[in-house]
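Residues per chain are reported as follows:
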Amino acid sequence: MIELIPAIDIINGQCVRLTKGDYDQKTVYGHPLEMAQDFERIGFQRLHVVDLDGAKSKHIVNGAVLHQITTETKLKVDFGGGIKTDNDLEEAFRQGAQMVTVGSIAVTEPERFMGWLDKYGAERMILGADVRNGKISINGWKEDSSEDLLPFLQKYIDAGVKNVLCTEISKDGTLSGPAIDLYRRVMDAYPDLHLIASGGVSCIDDIKALDCAGIPAVVFGKAIYEGKINLNELWDWQNASYHA
């Protein structure tokens, strides 16, 4: 059964969504803590939080908001955005994140990422693989690297990575449907990987399609905030599937 992970992206302390990672195409939806509490009330146990200011600034900016969420809810939070140094990583954990998503550093400083993997363990580290035109993108999707997706994943799976968050940037925030073929290709290559699909989810049927394709987990946000997904209906579907 696919794991459902709602997302909260933060700019200036507010819950926002971008379109294709474009900071000029921003919609504000309210306060992150209130959103997180709503998710918890419905029954979700996991939350994906992204510090978009941090991703752009290359250091954590919205640590205080993360702290609010982790102290005022019981959600298991994975946090990403702006984690570039040992201090950033330690701050994320100090502010209550149970897992962190790291992408850019795995490209630009692989030895540092390997060190974090060794120190904190694969259970607490999520490798962020943000893809544009088949290449890994870094620094808040502002730059494309020369890294191809599958060899990039292979290197870190060999080093012990178990969790990967893969975002198809061209789909993100567009409500145009997820890149199922991309995720299938990853799962065909690495069937034991806990792959978290991200980008393009527009409705419950998209999530059902990912589930049918054998994708272990999905992150989704804009479809919630735009009223395209009724979370109570989604939760009921998942519970019914568990007990089928």
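Provided above is the structure to which this section pertains.
Conventions used here
Residues numbered from 1 in each chain as written. Predicted model: local features only at pLDDT ≥ 70, side-chain atom pairs only at ≥ 80, totals over all residues. Heavy atoms only, no water. Helix = DSSP H or I, 4+ residues; strand = E, 2+ residues; numbered from the N terminus. Buried < 20%, exposed > 50% of the residue type's maximum accessible area, 1.4 Å probe, protein only. Lys, Arg positive; Asp, Glu negative; His and termini not counted. Salt bridge = Lys/Arg side-chain N within 4 Å of Asp/Glu carboxyl O. Contact = heavy atoms within 4.5 Å. Axes fitted to C-alpha atoms, helices over the stretch in contact; angles between N-to-C directions. Parallel < 35°, antiparallel > 145°, perpendicular 65-115°, else oblique. Left-handed = near helix turned anticlockwise from the far one by under 90°. Nonpolar A, V, L, I, M, F, W, Y, C, P; charged D, E, K, R; others polar. 1 Å grid on protein atoms, 1.4 Å probe; cavity = no way out; pocket = protein on both sides within 12 Å on 5 of 7 lines; lining within 4 Å. Points joined across faces, edges and corners; volume = space filled by probe spheres on them. Arc of directions from axis to C-beta.

A. Inspection of the side chain of Asp130 at higher detail. With respect to the helices, strands and loops of the structure, Asp130 is situated in strand β7 (residues 125–132). Buried charge without a salt bridge: Asp130, with Arg132 as the nearest opposite-charge side chain at an N-O distance of 8.9 Å. Look past the residues within four positions of Asp130 in its chain and what remains in contact with it is Lys135, Ile136, Ser137, Trp141, Thr167 and Ile169.

B. Molecular detail of the packing of helix α7 (residues 149–158) against helix α8 (residues 180–189). Running from amino to carboxyl end, α7 crosses α8 at an angle of 40°, the nearest separation of the two axes being 11 Å. What the angle tells us is that α7 and α8 run oblique. When you trace α7 past α8, the crossing you get is right-handed. Across the interface between the two elements, Leu149, Leu150 and Leu153 from α7 touch Leu182, Arg185, Val186 and Ala189 from α8. Residue composition of the contact of α7 with α8, by class: six nonpolar, no polar and one charged.

C. Region of the structure containing empty space enclosed by the protein. Using the criterion set out here, one finds one cavity of 30 Å³ or more in the structure. The computed volume of the largest cavity comes to approximately 600 Å³. His48, Val50, Leu52, Asp130 and Trp141 are the residues nearest the centre of the largest cavity, which is lined by 42 residues in total. The residue makeup of the lining of the largest cavity, split by class, is 17 nonpolar, 19 polar and six charged.

D. Spotlight on the environment of Glu72. Mapping Glu72 onto the fold places it in helix α3 (residues 63–72). Filtering out sequence-adjacent residues up to four positions away, Glu72 remains in contact with Leu33, Gln37 and Glu40.

E. Geometry of unusual backbone geometry. Of note in the backbone geometry, Lys58 takes a positive phi value of approximately 70° without being a glycine. For Lys58, the location among the structural elements is in the loop between α2 (52–57) and α3. On the basis of relative accessible area, Lys58 is assigned to the partly exposed category, the value being 44%. The phi angle at Leu175 is positive, at roughly 55°, despite the residue not being glycine. Tracing the chain through its elements places Leu175 in the loop between β10 (163–168) and α8.

F. Spatial organisation of the pattern of salt bridges. Going through the model one piece at a time under the given rule, you end up with twelve salt bridges. Among the ionic pairs, Arg17 bridges to Asp9, the shortest N-O distance being 2.8 Å. For Arg132, the salt bridge is made with Asp144, and the minimal N-O distance between the two is 2.9 Å. Taken together, the residues Arg132 in strand β7 and Asp144 in strand β9 (residues 143–148) connect sequence positions twelve residues apart. By relative accessible area, which is 21% here, Arg132 ends up partly exposed. In this structure, a network of salt bridges that share partners links the residues Glu3, Arg46 and Asp78.

G. Examining α8 more closely. Looking at α8, one finds that the buried residues are Ile180, Leu182, Tyr183, Val186 and Met187. Projected down its long axis, α8 shows its buried positions confined to an angular sector of 160°, all on one face. Exposed side chains of α8 directed beyond 90 degrees from the buried face belong to Asp181 and Asp188. The inward-facing, buried residues of α8 contact α7, β10, β11 (194–198) and α9 (204–212).

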